[in-house]
Amino acid sequence: AQGGIYVILTAMRAHRDSKTIFGDCMRVIRNICKSSSESCKLAIMEMHGVELILSAMKLCKNMRQIQEDGCLILWYVACDNDYVQDILLKKDAVSIILEGMTYHLDDKNVQHRGCGALHVMSFNNDLKPMMIFSEK
């Protein structure tokens, strides 16, 4: 049997047009990440979950909870992980995060989680210039 992360990410892939499913799935992944070990990061990476999280954030930029959850998940999986940070660089994650933060300027939780994700990414020399010169 496959684990919960696998099932949740599969559901997100199967329902790419459902913001409700995205929101529900992101909330579950966020809660798992907050209380899990490195195995959670590994499962997300193996299932290409980082790319899926970024897609959800891009599609649902007007949904505060998806932005907050997405930033928290990225903060968690990118921390001390060069492989994930390389994916974030290639997938323009900085712009996606900044766009979500800009859309929800009045929401302190989105700002906090967004800054947390950007903080762990700011240690990567390839991602730093994107934070300074992002077009979003």
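Residues numbered from 1 in each chain as written. Predicted model: local features only at pLDDT ≥ 70, side-chain atom pairs only at ≥ 80, totals over all residues. Heavy atoms only, no water.

Peer 1: I'd like to hear about the overall build of the protein, residue by residue, with values.
Peer 2: When helices and strands are tallied, the protein shows nine helices and zero strands. Ordered by position in the sequence, the α and β elements of the protein form the string α-α-α-α-α-α-α-α-α. The C-alpha atoms of the protein give 14 Å as radius of gyration, which agrees with the globular expectation for 136 residues (14 Å, within 12%). Oriented by its inertia axes, the alpha-carbon framework of the protein measures out at about 45 × 30 × 25 Å. Buried residues in the protein amount to 46% of all 136 residues. Sequence separation of 24 or more characterises 70% of the internal contacts of the protein that already satisfy a separation of 6 or more. Of the accessible surface of the protein, which amounts to about 7,200 Å², a share of 54% is contributed by carbon and sulfur atoms. Of the charged side chains in the protein, 16 are positive and 16 negative; the average position of the first set lies 4 Å away from that of the second. (Helix = DSSP H or I, 4+ residues; strand = E, 2+ residues; numbered from the N terminus. Rg over C-alpha atoms; globule rule 2.2 N^0.38 Å. Buried < 20%, exposed > 50% of the residue type's maximum accessible area, 1.4 Å probe, protein only. Contact = heavy atoms within 4.5 Å. Areas by Shrake-Rupley, 256 points an atom, 1.4 Å probe, with all protein chains shown as cover. Lys, Arg positive; Asp, Glu negative; His and termini not counted. Charge placed at Lys NZ, Arg CZ, Asp CG, Glu CD.)

Peer 1: Summarise the packing of helix α3 (residues 38-46) against helix α5 (residues 64-78); cite the residues concerned and give the values.
Peer 2: With their axes 10 Å apart at the nearest point, α3 and α5 run at an angle of 105 degrees to one another. Our classification of the angle between α3 and α5 gives roughly perpendicular. For the pair α3 and α5, the contacting residues are Glu38, Cys40, Lys41 and Ile44 in the first and Ile73, Tyr76 and Val77 in the second. In the contact of α3 with α5, the residues fall into five nonpolar, no polar and two charged. (Axes fitted to C-alpha atoms, helices over the stretch in contact; angles between N-to-C directions. Parallel < 35°, antiparallel > 145°, perpendicular 65-115°, else oblique. Nonpolar A, V, L, I, M, F, W, Y, C, P; charged D, E, K, R; others polar.)

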